[in-house]
Structure formats: structure tokens, C-alpha cells
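Residue strings, one per chain:
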Amino acid sequence: MSLLPERSLDLRQFEPKSMLHVPETRVTSACFPVIDVHTHFSWRPSSTAGVPTGEEMEYLATPDELLATMDRKNIRTMVNLTGGTGRGLEETIEKFQSPYPGRFVVFAEPAWERVNESGYDRFQAEEVGRALTAGAAGLKVLKTLGLYLRDNITSGPLIAIDDPRFDPMWEACGGIGMPVAIHVADPEAFFLPIDRFNERFEELSHHPDWSFYGEDFPSFAQLLEACNRVFARHPRTQFIAVHVGNNAENLAYVSECMDRFGNMHVDIAARIGELGRQPRTARRFFEKYQDRILFGTDAVPHGFDMPQQIFGDQLYEIYYRFLETEDEYFDYAPASPPPQGRWQIYGLGLPESVLRKVYFENAARLLGLGSTAGSWNPPAQSS
Ligand SMILES: [Zn+2]
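Engineer: Account for the coordination of the zinc ion, with residues named and values stated.
Structural biologist: Protein-derived ligands of the zinc ion are His38 (NE2), His40 (NE2) and Asp298 (OD), with the metal-ligand distances lying across 2.1 to 2.2 Å. As a motif over one chain, the donors of the zinc ion read H-x1-H-x257-D. You can see His38 sitting in strand β1 (residues 34–39) and its partner Asp298 sitting in the loop between β12 (293–294) and α12 (313–324), a full 260 residues away along the chain. For the pair His38 and Asp298, one class covers both residues: buried.

Structure follows, in C-alpha cells:
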């Protein structure tokens, strides 16, 4: 017996190729028309310490560029959550939503930088009404609230998600039928030390600013609890808790919240990497809450920094494969190594009755887009 020296390899160089011989299904188009409720094709370019400021907008793609992919992938509607405020919001609606009704839908955002002005609570509630008049279909609350916005905007104590200043805003949304998409916290691992036990070590190494461990940040649990208090206090308001209720790793917790709050819906954006590594639990979750789960991707055109979110054919094919097939052990993002953590996913193979709701019907109902999936067909493709 010869003793060969043990080899060592830098983890960053390790790109194992799976030796499993299992079916690989390419799902080029969704089996029903799709509403992607979670995308970002515009945003506010100026921000201070994580708080977006001003009304100026930046656009990451043209409508034509997006429509070509949408038609190929059976996407009826893209919802752009970061539509801005005031004049910026109007401009985004003019550029995308008005010329292509039904294809693009724009959400408004609160004017965070005015939060310490007197009368902000009333102003922001009225602002929601003005956004509706301008054509906005909903309100998006980024994790700015809870993790960045402070008493003096960028300094002082962090403002809690359930700060009473926002009560009139949540209430106004309920009154005018405007759903609120709310992002709080981030993956649980982002609130833990970046050490060898952290399952997102590589991701956090690439994006150290995504860590909310230490400093004066609330804990992961505190953020979710504050959000739950908002859901409880405003039962008329419909909330989309993005990224699978902001806790995709813990579907037991999310289920408990869904049971408690009838006004809570979830999207699956940027979390198939989490759902797909617990396929049996995830499938039961989809079956139980099939009327309150929405299809979303968090797609960002040209978002090369985040391979799991780059808008394009590949992204949608992975989502469709995950939802529609029972394929095993495949990549959740078109990148090597996997950008969010070193694991692979398993397809859910959802029945058509559930797919129809998740792809289209639940979002159509919530956003007031009317028409059923069957009444719309994508334009004929030229090639
Ligand atoms: Zn997002």
C-alpha cells in the first residue's frame, strides 16, 4: 500500500461536475402565461447610506428589449417594483406602462427622505393616493425600512418597520386597494458572523455590505416580528411579503404567518435556491397556500453582479424547470460556483391547477389585472 500525499484545494477553485445521470428537461416556455410580480427595470440612482433620495430615475432596459424576452418566455406582464416617487414615478409609468398596457405594471415607493418632516404621516398617505392617480398599481417597501432609514435619515437610531408614522400610509393602501410589496430582513445567514459555519460565506465575501451582523442592526427575528405587527394592525391592506415571506429557509415559520394573517401573500423571487433544496416541504407549502403564492424572480436587466437575477431567457427557464418538472439536482442560477451557496435544487413538479394560479391568476386578482390566463396569447414569434 502506497501512501500518496493528501491534496489540498482552495475552495474558490472547486467546481465539481455532478456525476448523476438523471433526466434534464429544458422548459423553454411556461405552460401558462406568466405575471412576474418582482422585477427591477428602473431605480433611483442617488442614495445616501442606503436611503434612496430624489425623484430622478435610471432605466436598466428599454421596453422593446424586455418585450422580446417576455414574448419568447410567455410572460404577459412584468411588474417593476422600484418605480420611484413623484415625477420619477410618472416618468416610469409614461415610458413603460402607458404605451404597453397590461405588459408593464409599475409600483410606487415612499419618499423616505422626508420622514423627519412634520406632517410626514399625512403627506405619505396622500402621496399613495397621488401615485394611484398617476397609474401605480402598488407600493414597494424596500428593506430601507428597518435596516437603513434612521431618525435623521442617515444618522440616529434606525426607524422601526412598525413605526406609527407609517400607519396612515399602510391604511391608505388598504383603502384604495393598492397592494404593498414589502421586503424586510434578508437571508437569515446575513445576520450571522461571516465565518466557516456561515452557509453563505462565499456570497457574503463577494458582497460584505450585505451583512447585517452586529452594529446596531435589529436581529432577524425582530425585523420579522415588526413586520408581522404591521400585517396585524392593517388587516384591510394586502401585503406581498417578498422572497417567500422574507424567510424562505423556514417554511414552518412562514406557514404560521400565512395562517395568522389572511392579508399576507408571498412571492418566490430570488429564493428558488432555498425552496429547491427542501422540495418536499416546499411542495406541501405550494399546495396549502396555492391561492397566495405569486411568481416573481427579482430580475434585473444586465444585473451581472447577481447571476441568480440577470433578466433573460436562462433565468426564466430555470424557474419554469423548478416549478414544472421533477428534475433532480440542478443549478438554481446560470453561474459556477452557485452564487448564493454551494447546493443544487430539485424540481417541484407542481400540478397544472397550482401552476395556473401561481404563474398568473393570484397576481392578476391582487393587482386588478382582470382577465384569466386563457384569454391572452403571446404574439406569434417570427423565428
Ligand atoms: Zn427585489
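Having seen it, we continue.
Engineer: So what's going on with the sheet that holds strand β7 (residues 104–108)? Residues and values would help.
Structural biologist: The eight strands are arranged β1-β6-β7-β8-β9-β10-β11-β12 in an open sheet whose pairing can be described as parallel. Two strands lie at the open edges of the sheet, namely β1 and β12, each paired on one side alone. The sheet contact formed by β1 and strand β6 (residues 75–80) spans four bridges and is parallel. From the neighbouring strand, Thr39 faces β6, where its bridge partner is Asn80. Contacting β8 (138–141), β9 (180–182) and β10 (239–241), helix α5 (residues 167–176) runs over the sheet at an angle of about 150° to β8.

Engineer: With reference to specific residues and values, describe helix α1 (residues 63–72).
Structural biologist: Listed in full, the buried residues belonging to α1 are Pro63, Leu66, Leu67, Thr69, Met70 and Asp71. Those residues of α1 that are buried lie in contact with β6, α2 (86–97), β7 and α12. A positive phi of about 65° marks Asn74, the residue just after α1.

Engineer: Quick rundown of the pattern of salt bridges? Include the residues and the values.
Structural biologist: Any two side chains of opposite charge can pair if their charged atoms end up close together. Applying the stated criterion across every chain, the model contains 30 salt bridges. Of the charged contacts, one joins Arg236 and Glu171 as a salt bridge, the two residues approaching to 3.1 Å between their closest N and O atoms. Note that Arg236 is positioned in the loop between α7 (220–233) and β10 and Glu171 in helix α5, a separation of 65 residues in sequence. Residue classification places Glu171 among the partly exposed positions, given a relative accessible area of 28%. Asp259 is the partner of Lys288 in a salt bridge, and the nearest nitrogen-oxygen pair spans 3.6 Å. With a gap of 29 residues between them, Lys288 in helix α11 (residues 279–288) and Asp259 in helix α9 (residues 251–260) connect regions that are remote in the sequence. Exposure remark for Lys288: the relative accessible area of 55% places this residue in the exposed category. Salt bridges linked by common partners bring Glu199, Arg200, Glu203, Glu249, Glu274 and Arg277 together as one network.

Engineer: Explain the packing of helix α3 (residues 120–134) against α5 to me, and be specific about the residues and the numbers.
Structural biologist: Close contact between α3 and α5 brings their axes to 8 Å; oriented N to C, the two are set at 30°. As the angle between them shows, α3 and α5 are arranged roughly parallel. Crossing geometry of α3 relative to α5 is assigned as right-handed. In contact with Asp121, Gln124, Ala125, Val128, Gly129 and Leu132 of α3, α5 contributes Pro168, Met169, Ala172, Cys173 and Ile176.

Engineer: With reference to specific residues and values, describe the packing of aromatic side chains.
Structural biologist: Counting across every chain of the model gives 26 aromatic pairs. Judged by centre distance (5.9 Å) and plane angle (85°), the ring pair of Tyr100 and Phe104 falls under edge-to-face. Since its relative accessible area comes to 26%, Tyr100 is described here as partly exposed. Note that Arg114 overlies the ring of Phe123, its terminal NZ or CZ placed 4.0 Å from the centroid. Over the face of the ring belonging to Phe330 we find Arg321, whose NZ or CZ atom lies 4.0 Å from the ring centre.

Engineer: Describe the nonpolar core, listing the residues and the values that go with them.
Structural biologist: By size, the foremost hydrophobic cluster in this structure holds 112 residues, and its most contacted members are Phe166, Trp170, Ile182, Ile268, Phe295, Tyr320 and Tyr359. Broken down by element, the residue count for this core peaks at nine residues, all from helix α13 (residues 352–367). When neighbours within four sequence positions are excluded, Tyr359 is seen to be in contact with Ala30, Cys31, Phe32, Pro33, Val34, Ile35, Phe295, Tyr320, Leu323 and Glu324.

Engineer: So what about unusual backbone geometry? Which residues, and what values?
Structural biologist: Negative phi values dominate among residues other than glycine, just as trans dominates among peptide bonds. Put simply, Ser336 and Pro337 share a cis peptide bond, and its omega is -5°. Structurally, Pro337 is set in the loop between α12 and α13. A positive phi angle, near 70°, is found at Asp298, a position not held by glycine. Residue classification places Asp298 among the buried positions, given a relative accessible area of 7%. Although it is not a glycine, His302 sits at a positive phi angle of roughly 60°. Looking at where His302 falls in the secondary structure, it is placed in the loop between β12 and α12.

Reading the values: the criteria
Residues numbered from 1 in each chain as written. Predicted model: local features only at pLDDT ≥ 70, side-chain atom pairs only at ≥ 80, totals over all residues. Heavy atoms only, no water. Donors = N, O, S within 2.8 Å, 3.2 Å for Na, K, Ca; no water. Helix = DSSP H or I, 4+ residues; strand = E, 2+ residues; numbered from the N terminus. Buried < 20%, exposed > 50% of the residue type's maximum accessible area, 1.4 Å probe, protein only. Pairing = 2+ DSSP bridges. Contact = heavy atoms within 4.5 Å. Axes fitted to C-alpha atoms, helices over the stretch in contact; angles between N-to-C directions. Salt bridge = Lys/Arg side-chain N within 4 Å of Asp/Glu carboxyl O. Parallel < 35°, antiparallel > 145°, perpendicular 65-115°, else oblique. Left-handed = near helix turned anticlockwise from the far one by under 90°. Phe/Tyr/Trp six-rings, centres within 6.5 Å; stacked < 30°, edge-to-face > 60°. Lys NZ or Arg CZ within 6 Å of the ring centre and 35° of its normal. Core = buried A, V, L, I, M, F, W, Y, C linked by side-chain atoms within 4.5 Å.

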